[in-house]
Amino acid sequence: MTSGIKNICCIGAGYVGGPTMSVLADKCPEIQVNVVDLNVARIKAWNSRDLSKLPIFEPGLKEIVERCRGENLHFTDEVEKKISDADMIFISVNTPTKTSGVGAGKASDLKWVEACAREVAKFAKGHTIVVEKSTLPVRTAEVIKKILEASASSVAETKNASFDVLSNPEFLAEGTAIKDLEDPDRVLIGGENEKAIEKLSDIYQRWVPEEKILKTNIWSSELAKLTSNAFLAQRISSINSISALCEATGADIREVSRAIGTDTRIGSKFLTSGPGFGGSCFKKDILNLVYLSNHFGLPEVANFWEEVVNLNKWHQNRISKLIVKKLFGTVSGKKIAILGFAFKADTNDTRESAAISICKDLLEEGALLKINDPKVSPEQISQDLSQKILTDKINKVKNPINQTNECCYFFSDINKAIDGTDAVVILTEWEIYSKINWSEVCKTMRKPSWIFDTRSSISDETLRTIKKYDLNIWRIGDGSVK
Ligand code: NAD
Ligand code: UDX
């Protein structure tokens, strides 16, 4: 399979651009792949000799970077040069929710995408295929095309530039990005020009079976990405709503999930109740769908999807309220261990993590937090909570908690994080948390001690043995523990 594409430039070296291009380079050694970013520090981190310092943690990523970097995979801030060398350009920049102006709080902010289109228009040479990899509102391709065409007609004689625009949304999930990229459920390519679609399809066919490559019109492709995230998030809000009902009635959400998931029409995936969905995509993409629905005069459709986000917010807040209630109505001055800060396991990403809102609620109530996460840095936690954070490692203080008036501490050791606390709150499903020896650990806690397990990290079997110790347990959606 030969696509004729020799040189690719990806604009944006983030959670999508970095892993996506690493896998592409690994699968297509004959293509030179350049990942560019304005963020010089990020590029520097991608070029770190010490592979544990790559800016993104994903299982399997560092092995690929080690194999391909410097061969046909390059990370650079030479945006202009790499755009002009490329015959295919992926736009993989951030598209966060607008914070001000028209559509603030819902619409996607497309300023970075527009900036990319203008850079491509300015520097591209010859015929270039521009691929939307970022998640974009329906009809964004039109905007990109207009910018490119306006430029092409004004400088056509000097640069001989012409463009095709394709939509190729990314469906990877963080924590399983490499697996998702190497063996995707499907690859979606939306476009008008069949030749351009075939060129991109040929690249994917190096490792993806042809029947998994779906070709659609460009608008269907853009909308399918938003809809896919909305459906996934909707399942999580649905199961989380039922977990509250389980707690009230004596049912168990794990049993309910298993029972409904065996119906092949429903399916068993994405039915795990947790502390509420986080991550950079779900909330942003649903709000974008809400904005678009309102824009097209469909308020009922907008309201339907907005409830998925509202339920998620309510659910996170319900958990912090419940913790306060169980701890005799006040956490003021109490030490609480927070196990896990990433929005899910196997990533260092904290964007929209439920831990942020739950920790903020607890801090507001006056709690002292002792936080542990295997991959998230204390600096990141400090930034997310807008709090100074003291750490056992960086400050080299043996027991910092007794020596300051700060209310946020980071412990790289789980046992130290739990030592002396009234409660432990498990917020990320890191595997190590399911292996904690509670019979030992609980001896170091202040009595009466509580465990709040929002991730079902404590198995039914462990739960049975834990009940023998002097410990109170609350497990998400478990009506049998009161
Ligand atoms: P990110 O914030 O991690 O990375 C985006 C990068 O683009 C940043 O490093 C930024 O500096 C760079 N950038 C912005 N404007 C630039 C410009 N003009 N020139 C050069 N570099 C520029 O974002 P991400 O998580 O990789 O997401 C990128 C897109 O992919 C978003 O639209 C997102 O919705 C979508 N997406 C994300 C995921 C995910 O799991 N994170 C999955 C699927 C799709
Ligand atoms: C999501 C989509 O899955 C992916 O296809 C898209 O490209 C980007 O957005 P991501 O946000 O990385 O991926 O992770 P995902 O596994 O979807 O988890 C999102 C959130 O939902 C996490 O906070 C996770 O803990 C939570 N979740 C997921 C649950 O609470 N229960 C579940 O059953 C599944």
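How each quantity is defined
- Residues numbered from 1 in each chain as written.
- Chains lettered and ligands numbered in written order.
- Predicted model: local features only at pLDDT ≥ 70, side-chain atom pairs only at ≥ 80, totals over all residues.
- Heavy atoms only, no water.
- Buried < 20%, exposed > 50% of the residue type's maximum accessible area, 1.4 Å probe, protein only.
- Helix = DSSP H or I, 4+ residues; strand = E, 2+ residues; numbered from the N terminus.
- Right-handed = clockwise from strand over helix to strand, strands pointing away.
- Near = heavy atom within 4 Å.
- Polar contact = N/O pair within 3.5 Å; in protein donor to acceptor, adjacent residues only side chain to side chain.
- Areas by Shrake-Rupley, 256 points an atom, 1.4 Å probe, with all protein chains shown as cover.

Along any regular strand, the residues point their side chains to alternate faces of the sheet. Here strand 4 (residues 88–91) shows a buried face lined by Met88 and Phe90 and a second buried face lined by Ile89 and Ile91. With helix 5 (residues 111–123) bridging strand 4 and its parallel neighbour strand 5 (residues 127–132), the resulting β-α-β unit is right-handed.

In the vicinity of ligand 1 lie 26 residues, with Val16, Asp37, Arg42, Thr95 and Lys284 positioned nearest. Within the side chain of Asp37, one N or O atom sits 2.6 Å away from an oxygen atom of ligand 1. The side chain of Lys284 places a nitrogen or oxygen atom 2.6 Å from an oxygen atom of ligand 1. Here ligand 1 has 840 Å² of accessible area as a free molecule, and 93% of this is covered by the chains. Ranked by the residues each element gives to the shell around ligand 1, the list is headed by helix 5, at three residues.

So, about unusual backbone geometry. The general pattern is negative phi for most residues beyond glycine and trans for most peptide bonds. Note the cis peptide between Lys447 and Pro448, where omega equals -10°. Structurally, Pro448 can be placed in the loop between helix 16 (438–441) and strand 14 (449–453). Positive phi values are uncommon outside glycine, yet Arg139 reaches one of about 80°. Inspection of the secondary structure assignment puts Arg139 in the loop between strand 5 and helix 6 (140–159). Using a relative accessible area of 34% as the deciding quantity, one classes Arg139 as partly exposed. Even without a glycine there, the phi angle at Glu352 is positive, about 60°. Following the sequence through the fold, Glu352 ends up in the loop between strand 9 (335–339) and helix 13 (354–364). By relative accessible area, which is 40% here, Glu352 ends up partly exposed.

Attention now moves to the site of ligand 2. Phe171, Leu172, Glu174, Thr272 and Lys344 are the nearest of the 19 residues found near ligand 2. Here Lys225 contributes a side-chain N or O atom positioned 2.8 Å from an oxygen atom of ligand 2. Isolated, ligand 2 exposes 660 Å² of accessible area, and the fraction of that covered by the protein chains is 91%. For the shell around ligand 2, the element with the highest residue contribution is helix 9 (residues 218–249), accounting for four residues.

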